[in-house]
Amino acid sequence: MTSMDLLSGLNPVQRAAVEMPEGPVLVVAGAGSGKTRVLVYRIAYLLENGIAPESIIAITFTNKAAGEMRSRVADLIGPTADEIWVSTFHSACVRILRREAPRLGYANSFSIYDSSDSLRLIRMILKDLNIDEKRLPPRGVAAAISNAKNKLMDAGLFSDFADNPYEKRIALVYTEYEKRLAEQSAFDFDDLIMRTVEVFDKHPDALARYQGRFRHVLIDEFQDTNHAQSRLATLLAGKWRNIFVVGDADQGIYAFRGATIKNLLDFERDWPEAKVITLEQNYRSTRTILDAANAVIENNAMRKPKALWTAQEGGERIVRYHGSDEHDEAAWVAQEVRKLSDQGHPHADVAVFYRTNAQSRVLEEAFNAASLPYRVVGGVGFYDRKEIKDMMAWLRAAMNPLDTISAERICGAPKRGIGPGSISKIQAFAASRVMPLGNAFDYAEEVDRLNKKARGGALEIGRILAHIRDLDHSGVPITDIVASTWEITGYMTELQADRSFESLSRQENLKELAGSAAEYDENTQQGSLTDFLELVALVNDTDEEEGEETGVTFMTLHNAKGLEFPIVFIVGMEEAVFPHMRSLADPEQLEEERRLCYVGITRAQERLYLLNAWRRRLWGPDANYNTPSRFLREIPDDLIKEADKKDLFTTRRTSVDKPKSVGGRDLSRFKVGAEIEHTRWGRGIIVDLRQSALGMEATIHFPDMGSDKRLDLTLAPIKVV
DNA sequence: CATTACCTGATTTTT
DNA sequence: TCAGGTAATG
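Being a predicted model, the structure only gives us computed values, none of them experimental. Note on numbering: residues in each chain are counted from 1, in written sequence order. Labels are handed out in written order, letters beginning with A for the chains and numbers beginning with 1 for the ligands. Where totals are concerned, whole chains, interfaces and linings use all residues; where local detail is concerned, this predicted model gives features only for residues with pLDDT of at least 70, and gives and counts side-chain atom pairs only at 80 or more. Side-chain descriptors were evaluated using all non-hydrogen atoms of the structure, hydrogens and water having been removed beforehand.

Asker: So what's going on with the overall build of chain A? Which residues, and what values?
Answerer: A count of helices and strands for chain A gives 29 helices and 22 strands. For chain A, the residues scored as buried account for 54% of the 721 residues in total. In what follows, residue pairs with any heavy atoms lying within 4.5 Å of each other are defined as contacts. Long-range contacts, defined here as pairs at least 24 residues apart, represent 75% of the contacts in chain A between residues at least 6 apart. In the form shown here, chain A has an accessible surface area of approximately 32100 Å², with 50% of it arising from carbon and sulfur atoms. The helix count covers DSSP runs of H or I at least four residues long, the strand count covers runs of E at least two residues long, and both are numbered beginning at the N terminus. Only protein chains enter the area calculation, which uses a 1.4 Å probe; residues under 20% of their type maximum are buried, those over 50% are exposed, and those in between are partly exposed. Every accessible area reported is derived by Shrake-Rupley at a probe size of 1.4 Å, with residue values counting cover from the shown protein chains alone.

Written out as structure tokens, the structure is:
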């Protein structure tokens, strides 16, 4: 491909950005102005001009963005693209640390602790230090440590700066936390960045290697970088000074996580010879939508003025609907989606955004009631689920015996007669032999006063871990290792013995885990278990949502960044919901909410709907009456059209159509109030029935057991009496 | 040691 | 509302 062909699809400004000579470049790119395009073409341009692919590193914020960039570059220039480092900050750092970790006294097979692992560790430390969780909430400690690490403040520095009793206590915990992470050869999320920087700071030869290699450093979404990340970028680009960053200060929505748009605003100060290019033409949205977005964002005081424009004229007016409550709001969305689909708009063209994940629930109910297809992106992470964490703990414990968090976890998954008491006995033994907990199971015979059951259980755990290691060494596909693990641990058998609804969905989840392992096996020539564990640690399931694009998409506004849809609904536009309650008191946080609103609005290509509810139940028994969001007031009236309410109630949910039979079993006799008999638990009464993803879920009260059970009717061994 | 029943407690966004 | 931790019980 010639240079002419390559660049022909770009406008003059985009093209100028792509063709910038070497040296630092800042591309200020408004929403929908072709930011990703510029990055992708820049890479292609560099390659065309003789830059070796392995000397380019492109860093994005999410795995999804990295994947997209990789495939778009591959589309342009073919398989050479594989040689380029296209990754997130975190995975780039892991890649560096896999090699350099020994310099920090870590094993190459280090574990990566996610936030729930860190929280668990912090709880243990609080217990050991005899600090009451009420005096020092673990979550707060975790947040403080995370913030510190994002600012490259290690425990020592933090202690030096701690000037009140509260901070001093946190400093104590932080110090111990770091010590234990090191003992367990584990990094938490924030460590991945901070400790990579530490390697570079302490070992000039390591820094020199990467600096020499990466002749071009490209960074997407620069406004979302935190101090540690921007420092890392600065270090990497330190030798060649070819740092090409793209960002939009108006779309910075991660300050709560330590991101600071200062990095973007100070770029020219940090790189005095920098060239700046501003992309202001929007190719995505209608004039109406863009006018609304601009009108909202203008209310941010702390902002450099910038106006996006579009060549598109007019467009549909923005539709407003005032729901009476959240159910009404959701039902209205559903009926409008139905109407749109009758008019020929595919469901996949529609997205519904909300501020918090909890809001998806009502929408799901409404869409189920209306039999409309949807998919929820994000929410409770797949890898956060118990069964997944349990399975991962087995694999992690096998690969990193120092990983105490995982070793403790597997003692109870499934139960083997090893309770807290036995664990501390084994731990004491391990300590006396200077041996990691993960290796101590094999020596259970030598542990003092361990009861018989625990002893046997521990020995079995030891055998299982050895077996997993064997499988890994003999190059067995990861899929088989995963499946073998849930077999030999007895985890799957235990789940299968239980016919409850939860158990079924857990089994499904485990199979899904095997599915992602299979995907890994397919895409990797010589994979290893460690490699797979790393992938799982850094990739959350929202990233890989290929496949069915048939339904309406539900997601949080944060998740929507970087995406676009012809038709967008934003629900819950009320004070205290959006802007979120926790931001109301602080002007800076409020501006972040406004940027979030800006992001949401600019996702829409053709039509935009903004909704609020007068009355909403957020948590607990009583409802909130919130005024409409200030962001609504900031949009000029002439861009907005009020929706009429008239046909709403025709589609209100009156009854849920339940399938007569699911999975070949006749369900019509199961009704609320019906008396049934269960082969194991005896007689019971159905107190609730609901349709679920997997079939029909019933809540059944068994008087003899004194408790309710949730069962799947298609599978549970029950019959109507 | 395991199970269960309560009982908190906390509720934003995520690599 | 709900999940996760803890206390009480088998």
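Asker: Account for the packing of aromatic side chains, naming residues and giving values.
Answerer: Working definition: rings of Phe, Tyr and Trp (its six-membered ring) pair if their centres are within 6.5 Å, and the pair is stacked with planes under 30 degrees apart, edge-to-face with planes over 60 apart, and tilted otherwise. According to the stated counting rule, one finds 19 aromatic pairs in the structure shown. Ring centres of F110 and F187 lie 4.8 Å apart, and the angle between their planes is 75 degrees; this geometry places the pair in the edge-to-face category. Of this pair, F110 sits in the loop between α5 (89-100) and β4 (111-113) while F187 sits in strand β5 (residues 186-188), and the two are 77 residues apart along the sequence. As far as burial versus exposure is concerned, F110 and F187 are alike and both buried. Taken together, a centroid distance of 6.2 Å and an interplanar angle of 70 degrees make the contact between F353 and F565 edge-to-face. In this pair, F353 sits in strand β10 (residues 350-354) while F565 sits in strand β13 (residues 565-570), placing the two residues 212 residues apart along the sequence. The pair formed by F353 and F565 is uniform in burial state, with each residue classed as buried. Members of the aromatic cluster, connected to one another through ring pairs, are Y321, W332, F569 and Y609.

Asker: Can you tell me about the sheet that holds strand β3 (residues 85-88), naming the residues and giving the values?
Answerer: Only strands that DSSP links by at least two bridges are regarded as paired with each other. Taken in spatial order, the six strands make up an open sheet running β3-β2-β6-β7-β1-β8, and their pairing is parallel. Each edge of the sheet is formed by a strand with only one pairing partner; in this case those strands are β3 and β8 (275-279). The mean angle between the axes of side-by-side strands here comes to 15 degrees, regardless of whether they run parallel or antiparallel. Judged from the four bridges that link them, strand β2 (residues 56-60) and strand β6 (residues 216-219) form a sheet pairing that is parallel. Note on β6: the bridge partner recorded for I56 is H216. As a rule, the C-alpha atoms of each element are fitted with a line to give its axis, helices using only the stretch in contact, and angles between N-to-C directions run from 0 to 180 degrees.

Asker: Which residues make up the nonpolar core, and what values go with them?
Answerer: Membership of the largest hydrophobic core comes to 67 residues, with the highest contact counts inside it found for F200, I219 and L236. Those residues in contact with L236 that lie beyond four places of it in its chain are I57, I59, F200, Y210, Q211, F214 and V217. Nine residue types can take part in a nonpolar core, namely buried Ala, Val, Leu, Ile, Met, Phe, Trp, Tyr and Cys, and a core is a set of them joined through side-chain atoms within 4.5 Å. By size, the runner-up hydrophobic cluster in this structure holds 50 residues, among which are M392, I423, L510 and L529.

Asker: Tell me about the protein's contact with DNA strand C, and name the residues and values.
Answerer: Near residues are defined by distance, with any heavy atom within 4 Å of the molecule or strand qualifying the residue. In the vicinity of DNA strand C, the contacting residues are R361, K386 and R617. A breakdown of the atoms of DNA strand C within 4 Å of the protein gives sugar and phosphate a share of 100%. Polar contact is defined as a pair of N or O atoms within 3.5 Å, subject to the rule that within protein one atom must be able to donate a hydrogen and the other to accept it, and that residues adjacent in sequence are counted only when both atoms are side-chain atoms. Separating a phosphate oxygen of DNA strand C from a side-chain N or O atom of R617 is a distance of 2.3 Å.

Asker: I'd love a proper account of the packing of helix α18 (residues 386-399) against helix α22 (residues 452-473), names of residues and values included.
Answerer: Contact geometry of α18 with α22 gives a least axis separation of 9 Å together with a crossing angle of 80 degrees. Here α18 is positioned roughly perpendicular relative to α22, judged by the angle of their axes. In this structure, α18 contributes W394, L395, A397, A398 and M399 to the contact, and α22 contributes I461, I464, L465, I468, R469 and D472. Any angle between 65 and 115 degrees counts as roughly perpendicular, while under 35 counts as roughly parallel, over 145 as roughly antiparallel, and the rest as oblique.

Asker: So what about unusual backbone geometry? Which residues, and what values?
Answerer: A413 connects to P414 through a cis peptide bond whose omega is 0 degrees. Looking at the element boundaries, P414 is found in the loop between α19 (404-410) and α20 (420-432). Geometrically, the link from F578 to P579 is a cis peptide bond, its omega value of 10 degrees lying close to zero. Structurally, the position occupied by P579 is in the loop between β13 and α28 (587-601). Non-glycine residue E221 carries a positive phi angle of around 50 degrees. Relative to the elements of secondary structure, E221 occurs in the loop between β6 and α12 (227-236). Residue V434 is not a glycine yet carries a positive backbone phi of 50 degrees. On the secondary structure map, V434 appears in the loop between α20 and α21 (437-440). Judged by relative accessible area, which is 75%, V434 ranks as exposed.

Asker: Which residues make up the packing of α18 against helix α25 (residues 501-523), and what values do they have?
Answerer: How two helices sit against one another is set out by the angle between their axes and by the gap between those axes. Close contact between α18 and α25 brings their axes to 9 Å; oriented N to C, the two are set at 45 degrees. As the angle between them shows, α18 and α25 are arranged oblique. For the pair α18 and α25, the sense of crossing is right-handed. Judged by residue contacts, K386, E387, I388, M391 and M392 of α18 engage R506, N509, L510 and L513 from α25. Here the term charged refers only to Asp, Glu, Lys and Arg, the term nonpolar to Ala, Val, Leu, Ile, Met, Phe, Trp, Tyr, Cys and Pro, and the term polar to all other amino acids, Gly among them. When the residues that make up the contact of α18 with α25 are grouped by side-chain class, the tally is five nonpolar, one polar and three charged. Put simply, a crossing is left-handed when the front helix is turned counterclockwise from the back one by less than a right angle, and right-handed when it is turned clockwise.

Asker: Account for the pairing of strand β7 (residues 243-247), naming residues and giving values.
Answerer: Most of β7 sits inside the fold, with five of its five residues counted as buried. Side chains I243, V245 and G247 of β7 all project onto a buried face; the interleaved residues F244 and V246 project onto the opposite face, where all are buried too. Direction of pairing for strand β1 (residues 25-29) relative to β7: parallel, over a ladder of four bridges. Looking at β7, one finds that V27 is bridged to V246. Bridging between β6 and β7 involves three bridges; their strand directions are parallel. Within the sheet, the bridge partner assigned to V217 lies in β7 and is I243. By convention, a crossover is right-handed whenever its connection, traced from the first strand over the helix to the second and viewed with the strands pointing away, goes clockwise. A crossover connection joins β6 to the parallel β7 through α12; in handedness this β-α-β unit is right-handed.

Asker: Provide a residue-level description of the pattern of salt bridges, including the pertinent values.
Answerer: Any carboxyl oxygen of Asp or Glu that lies within 4 Å of a side-chain nitrogen of Lys or Arg is treated as forming a salt bridge with it. The tally for this structure, following the rule as stated, stands at 47 salt bridges. Note that R195 is salt-bridged to E198, the shortest N-O span being 3.0 Å. With R195 and E198 both in helix α10 (residues 189-202) and three residues apart, the pair spans about one turn of that helix. Taking the shortest distance from any N to any O, the salt bridge between R594 and E634 comes out at 2.7 Å. Of this pair, R594 sits in helix α28 while E634 sits in the loop between α29 (630-633) and β15 (640-642), and the two are 40 residues apart along the sequence. By relative accessible area, which is 17% here, E634 ends up buried. Residues participating in the shared-partner salt-bridge network are K35, D220, E221, D224 and K561.

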